[in-house]
Amino acid sequence: MDLGLQGRKAIVCAASKGLGKACAMSLAMNGVDVVITARTRADLEAAAAEIRKASGAKVTVVAGDITTEAGRAAALAACPEPDILVNNAGGPPRGDFRDWGRDDWMKAVDANMITPILMIKAVVDGMIARKFGRIVNITSISVKSPISELGLSNGARAGLTGFVGGLARQVAQHNVTINGLLPGAFLTDRLRSGIAEAARQTSRPADEIIAERARRTPAGRIGNPAEFGEACAFLCAASSGYIVGQNLLLDGGAFNSTMG
Ligand code: NAD
């Protein structure tokens, strides 16, 4: 399927590893020039080399923390008129809400709600003027099905999803779409660190915990980040302009419901 994205430009935030990197790879494989950001330059350079080698696309790296003003400005300076924006950042820590103070909440809301909103604000009017824009927010299954120990994620991402639900419907008439991609369990560093923590707490081998999680998932396995990247590219396709304000769950069927 030709996604009609040849020659388009994208900013993919937090993309040296995991789901962000997979999104950048899939976009690049479809002819998109990508600017990828992350805090550690060495990891970014390694990701960029891998994406360039696989796709032949132009890949520009911007080292910086996307949750800061400077980090966002650097990303936007490298690509002032993106056709595609993929919002992503590290997820907040697990824990008990009794241990979290205002600073913990502000950090989570900053990274997983305000940062994507400010990035959208910076690019959306240009997209409207050019009559093409695709914005994808990487959120979490926690938006639909709260994860008890991830209260910071449940709260902050629900805030982003609520805001975007309204904005998506204001910009859709200009062929600018904003949608959420909700990962269930995907085998990335983030998932591995969560499993390692669970293994420490329960004195069980990490492999056993992963296998059990896979068994509990209707698909019988943990997700592969490359599958997530392909879904992102599909939402960005030229022909996806009628997919507006949706929240697409990629979880192998883990969320149990009759529909949606
Ligand atoms: P990951 O740890 O594998 O990769 C995160 C990437 O983001 C890395 O490239 C890292 O360098 C970059 N990054 C983190 N904080 C950043 C910042 N402030 N500025 C710039 N770059 C930053 O994580 P992942 O599994 O790919 O997760 C991506 C997002 O999806 C996270 O918010 C995570 O909470 C969420 N999520 C992941 C899963 C999963 O199973 N992997 C499930 C639900 C939600």
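Fair warning: this is a prediction, and the values are worked out from it, not measured in the lab.

**Notes on the packing of aromatic side chains**
Phase 1 of the analysis: What the rule picks out here adds up to two aromatic pairs.
Phase 2 of the analysis: Where phenylalanine 186 meets phenylalanine 228, the ring centres are 5.3 Å apart and the plane angle is 75°; that geometry is what we call edge-to-face. You can see phenylalanine 186 sitting in the loop between strand E6 (176-183) and helix H6 (189-202) and its partner phenylalanine 228 sitting in helix H8 (residues 225-236), a full 42 residues away along the chain.
Phase 3 of the analysis: Cation over ring: arginine 8 sits above phenylalanine 132, and NZ or CZ is 3.8 Å from the ring centre.

**A word on helix H5 (residues 151-171)**
An α-helical segment advances 3.6 residues per turn. Residues three or four places apart therefore align on the same side.
Phase 1 of the analysis: Taking 1.5 Å per residue, 21 residues should reach 30 Å; H5 reaches 30 Å between its end C-alpha atoms and fits that length.
Phase 2 of the analysis: Maximum bend of H5: about 25°, positioned at glycine 165.

**What to know about the environment of arginine 94**
Phase 1 of the analysis: Topologically, arginine 94 is positioned in the loop between strand E4 (84-87) and helix H4 (102-130).
Phase 2 of the analysis: Owing to a relative accessible area of 36%, arginine 94 belongs among the partly exposed residues under this scheme.

**Observations regarding the pairing of strand E3 (residues 59-63)**
Phase 1 of the analysis: Pairing between strand E2 (residues 33-38) and E3: five bridges, direction parallel. Counterpart to alanine 38 in the pairing with E3 is alanine 63.
Phase 2 of the analysis: Note that the unit made of E2, helix H2 (residues 41-55) and E3 has a crossover that is right-handed.

**Regarding the nonpolar core**
Side chains of a nonpolar character, in soluble globular proteins, are inclined to be buried together.
Phase 1 of the analysis: Judged by nonpolar contacts, the single largest core of 37 residues is most densely connected at Val12, Leu27 and Ile36.
Phase 2 of the analysis: Breaking this core down by element, the ones donating at least two residues are strand E1 (9-12), helix H1 (18-29), E2, H2, E3, E4, strand E5 (133-138) and H8.
Phase 3 of the analysis: When neighbours within four sequence positions are excluded, leucine 27 is seen to be in contact with Leu5, Ala10, Val12, Val32, Val34, Ile84, Val86, Ala233 and Cys236.
Phase 4 of the analysis: Judged by nonpolar contacts, the second largest core, of 26 residues, contains Val35, Ile128, Ala168 and Val171.

**A word on the environment of arginine 157**
Phase 1 of the analysis: Assignment of secondary structure puts arginine 157 in helix H5.
Phase 2 of the analysis: Measuring from C-alpha to C-alpha, the distance between arginine 157 and valine 86 comes to 15 Å, with 71 residues separating the pair along the chain.
Phase 3 of the analysis: Setting aside its immediate chain neighbours within four residues, arginine 157 contacts Gly91, Pro92, Asn112, Ile138, Thr139, Ser140, Ser142 and Val143.
Phase 4 of the analysis: Separated by 2.8 Å, the side chains of arginine 157 and serine 153 make a polar contact.

Conventions used here
- Residues numbered from 1 in each chain as written.
- Predicted model: local features only at pLDDT ≥ 70, side-chain atom pairs only at ≥ 80, totals over all residues.
- Heavy atoms only, no water.
- Phe/Tyr/Trp six-rings, centres within 6.5 Å; stacked < 30°, edge-to-face > 60°.
- Helix = DSSP H or I, 4+ residues; strand = E, 2+ residues; numbered from the N terminus.
- Lys NZ or Arg CZ within 6 Å of the ring centre and 35° of its normal.
- Expected span 1.5 Å × (residues − 1).
- Bend = angle between axes of the 7 residues up to and from the residue.
- Buried < 20%, exposed > 50% of the residue type's maximum accessible area, 1.4 Å probe, protein only.
- Pairing = 2+ DSSP bridges.
- Right-handed = clockwise from strand over helix to strand, strands pointing away.
- Core = buried A, V, L, I, M, F, W, Y, C linked by side-chain atoms within 4.5 Å.
- Contact = heavy atoms within 4.5 Å.
- Polar contact = N/O pair within 3.5 Å; in protein donor to acceptor, adjacent residues only side chain to side chain.

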